[in-house]
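So the chains spell out like this:
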Amino acid sequence: MAQAGVVRTAAPAIATDREASVFRIRVLTVICLLVAWEGLAALGALEILYGDVIPSSWKIAVAVWGEVTAADFYRDLGITFAEHIVGFIVGSAIALALGIAMGVNPLLRKAIEPYLNAIGSTPKIIFLPILFLVFGTGIDSKMAKGALSAFFPVVFSTALGMILINPVLLRVGQSFNLNRWQTVVKIYIPAMVNPVITGLRLGMAITVIGVLVAELKFADGGLGYRLGNYYEQFRIAEMYAIILIIFALAALANMGMTRLQTYANRHQGGAGAHSLSVATN
């Protein structure tokens, strides 16, 4: 008993030491990147590299402050956010419905899977001219591009999660005489939370790329439009500031999805047990 207590006490200590080591490595990585960046900026100032192409981190920090205190920045941020969130929700909703249908209907899956694979492996930027022709060059085409970008990773992950579900769970559902809809709600969905969230996480990232690419091509607002303007005007510090802000927002969104995935994984067993208990009632 004493030995078991020592093992239980040592395990959290080992985990804490590992987390501290990971944190130190991350901090050291950031410091090394900043030092390397400043070194390249110094080489540019000495005209060893192209001047002003790599501004100092201080100039970029000042540019970031200038962006977040500018009123028109929030107009562009709101445009990009609206395009992203609408495109992501619409594309993901359609993908989830189709992925579930493909999972429960092997005939449908075999019929349309080759087409999805072919289109999914194609760079989505080639569809931009069609989207501009159909939806115009305004915000609607950017939403459509976001929906197209989000659709494929979500539909593939959802269908795969349905296919790879544990057959034991399906046999349990059959033993309780669950119909198809009850099987989807009580067995499929709780068991495929992790692959679906993984697909949503990837879809969210690809949606950001799709929206920004569309804004760089034809737009009168948005962070991509703002980024393109700074590039054309050779306002390099401001350009890097927008890139840094986009990176920070994407990192926050990814952090949120990671926490959601961790929470879902932690409670997945309990959710499955609850579903089976509901099925027996």
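Note that this is a predicted model, so its numbers are computed, not measured.

Asks: Even after reading the chapter, I still don't get the overall build of the chain, so can you show me in this structure?
Replies: Across its full length, the chain holds 11 helices and zero strands. Its helices and strands taken in sequence order, the chain reads α-α-α-α-α-α-α-α-α-α-α from the N to the C terminus. Within the chain, the proportion of its 281 residues that are buried is 32%. Long-range contacts, defined here as pairs at least 24 residues apart, represent 72% of the contacts in the chain between residues at least 6 apart. Surface accessibility of the chain: about 16900 Å² in total, with carbon and sulfur atoms responsible for 71%.

Asks: Any chance you could explain the pattern of salt bridges here in plain terms?
Replies: Opposite charge on two side chains lets them pair, provided their charged atoms get close. This structure, assessed with the given rule, holds five salt bridges. Across the pair Asp76 and Arg75 runs a salt bridge, and its minimum N-O distance is 3.1 Å. Its salt-bridge partner being Glu238, residue Arg235 comes within 3.9 Å of it at the nearest N-O pair. By relative accessible area, Arg235 is classed as partly exposed at 34%. For Glu238, a relative accessible area of 22% corresponds to the partly exposed category. Counted as one network, the salt bridges with shared partners bring together Glu67, Asp72, Arg75, Asp76 and Arg226.

Asks: So what exactly am I meant to see when it comes to the nonpolar core here?
Replies: The tendency in soluble globular proteins is for nonpolar side chains to be buried as a group. Core analysis: the largest hydrophobic core is formed by 24 residues, its most contacted members being Phe151, Tyr188 and Leu200. Those elements that place two or more of their residues in this core are α3 (71-104), α6 (139-163), α8 (180-191), α9 (193-217) and α11 (236-280). With seven residues, the top contributor of residues to this core is α6. Those residues in contact with Leu200, other than ones at most four positions away along the chain, are Phe88, Ser92, Val154 and Met257. In terms of nonpolar packing, the next biggest core, distinct from the first, is built from 11 residues, Leu212, Leu227, Tyr230 and Ile245 among them.

Asks: Please clarify how the environment of Leu128 should be interpreted in this entry.
Replies: Of note, Leu128 is situated in helix α5 (residues 128-135). In the structure, Leu128 is positioned 13 residues away from Ser141 in sequence and 8.2 Å away in space, judged by C-alpha atoms. The residues touching Leu128, leaving out its near neighbours within four places in the chain, are Lys145, Val213, Ala214 and Lys217.

Calculation notes
Residues numbered from 1 in each chain as written. Predicted model: local features only at pLDDT ≥ 70, side-chain atom pairs only at ≥ 80, totals over all residues. Heavy atoms only, no water. Helix = DSSP H or I, 4+ residues; strand = E, 2+ residues; numbered from the N terminus. Buried < 20%, exposed > 50% of the residue type's maximum accessible area, 1.4 Å probe, protein only. Contact = heavy atoms within 4.5 Å. Areas by Shrake-Rupley, 256 points an atom, 1.4 Å probe, with all protein chains shown as cover. Salt bridge = Lys/Arg side-chain N within 4 Å of Asp/Glu carboxyl O. Core = buried A, V, L, I, M, F, W, Y, C linked by side-chain atoms within 4.5 Å.

Everything listed is a geometric property; what it means functionally is a separate question.
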